[in-house]
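The residues making up each chain are set out below.
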Amino acid sequence: MEKVRLEIDGKLVEAEEGMTLLQAARKIGIDIPTICYDEKMAPYGACRLCMVEIGRNNKTRLVASCVYPVEDKLVVKTESERVIKTRKMILELLLSRCQSGPIETLAKKYGLEKSRFPGEDTGCVLCGLCVRYCGEIKKANAIGFMGRGVERGVAFLPEIAPKVCLSCRECFTLCPGGKVVTESLDGTWFPPLGWQKKV
Ligand code: FES
């Protein structure tokens, strides 16, 4: 496999072609916050929390490091002023949908008490980890996205979930907002579509 050399936060990194910036950064111990990324699954690029600033020929731009591939001679900054400002705004958006778990922890780390954006604490930030895990890893597709816009959420599929979820429950630990767990513990295991309005 071809090798690529790039610079991340001033450190030279040798990475394999096809790796993402996130993987290359983690390889040298640089921590970039993520919510929708899980190495077991294909990158999804939904939360945008893993944004980094990349530069080439005096031009810079922000990219999602979990989906952006390494490039030779690329200069990457994971904590530039622009990155931090953007990350805080993204965290505020995520906070408007979920105020617990890793999102709450990250918000505190970045000095955010609450979000300026209106929203309801649904516990679900649409990271898709539960949906993708069930589809990609378990091949069960027992949970899926539903609704549009602010009504968008995830729901167990009543025709599949009762047959497969009770003996699995593996998506519970993936949910950053604990939504899947909450739904299962309060006795509404396989709620009909539209369950998120009841929160
Ligand atoms: S972790 Fe990269 S977009 Fe969510």
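Each remark here, short or long, concerns the structure printed above.
Here is a short report on the structure shown in this document. (Residues numbered from 1 in each chain as written. Predicted model: local features only at pLDDT ≥ 70, side-chain atom pairs only at ≥ 80, totals over all residues. Heavy atoms only, no water.)

Attention now goes to the overall build of the protein chain. When its secondary structure is counted, the protein chain shows six helices and seven strands. Helices and strands in the protein chain line up, N terminus first, as β-β-α-β-β-β-α-α-α-β-β-α-α. Along the first, second and third principal axes, the C-alpha set of the protein chain runs to 55 × 40 × 25 Å. Out of the 199 residues belonging to the protein chain, those deemed buried represent 46%. For the protein chain, contacts bridging at least 24 residues in sequence account for 51% of all contacts bridging at least 6. For the protein chain, the exposed area adds up to about 10,900 Å²; of that, 54% sits on carbon and sulfur atoms. Side chains of the protein chain carry 31 positive and 25 negative charges; the gap between the two charge centres is 3 Å. (Helix = DSSP H or I, 4+ residues; strand = E, 2+ residues; numbered from the N terminus. Buried < 20%, exposed > 50% of the residue type's maximum accessible area, 1.4 Å probe, protein only. Contact = heavy atoms within 4.5 Å. Areas by Shrake-Rupley, 256 points an atom, 1.4 Å probe, with all protein chains shown as cover. Lys, Arg positive; Asp, Glu negative; His and termini not counted. Charge placed at Lys NZ, Arg CZ, Asp CG, Glu CD.)

With that out of the way, let us pick up the pairing of strand β7 (residues 153–156). Side chains Gly-153 and Ala-155 project from β7 onto one buried face, and the interleaved Val-154 and Phe-156 project onto a second face that is buried too. The pairing of strand β6 (residues 143–146) with β7 spans four bridges and is antiparallel. Its bridge partner lying in β7, Ile-143 is registered against Phe-156. Once β6 ends, the chain turns through six residues before running back antiparallel as β7, passing Gly-147 with a positive phi of about 75 degrees. (Pairing = 2+ DSSP bridges.)

This next bit is on the packing of helix α2 (residues 81–95) against helix α3 (residues 101–109). Helix packing geometry: the angle between the two helix axes and the distance between the axes. Two elements in contact, α2 and α3, have axes whose closest approach is 10 Å; the angle formed by their N-to-C orientations is 140 degrees. On the basis of their axis angle, the class for α2 and α3 is oblique. When the axes of α2 and α3 are compared, the crossing they make is left-handed. Contacts from Leu-91, Leu-94 and Leu-95 in α2 reach Ile-103, Leu-106 and Ala-107 in α3. Classifying every residue of the contact of α2 with α3 gives six nonpolar, no polar and no charged. (Axes fitted to C-alpha atoms, helices over the stretch in contact; angles between N-to-C directions. Parallel < 35°, antiparallel > 145°, perpendicular 65-115°, else oblique. Left-handed = near helix turned anticlockwise from the far one by under 90°. Nonpolar A, V, L, I, M, F, W, Y, C, P; charged D, E, K, R; others polar.)

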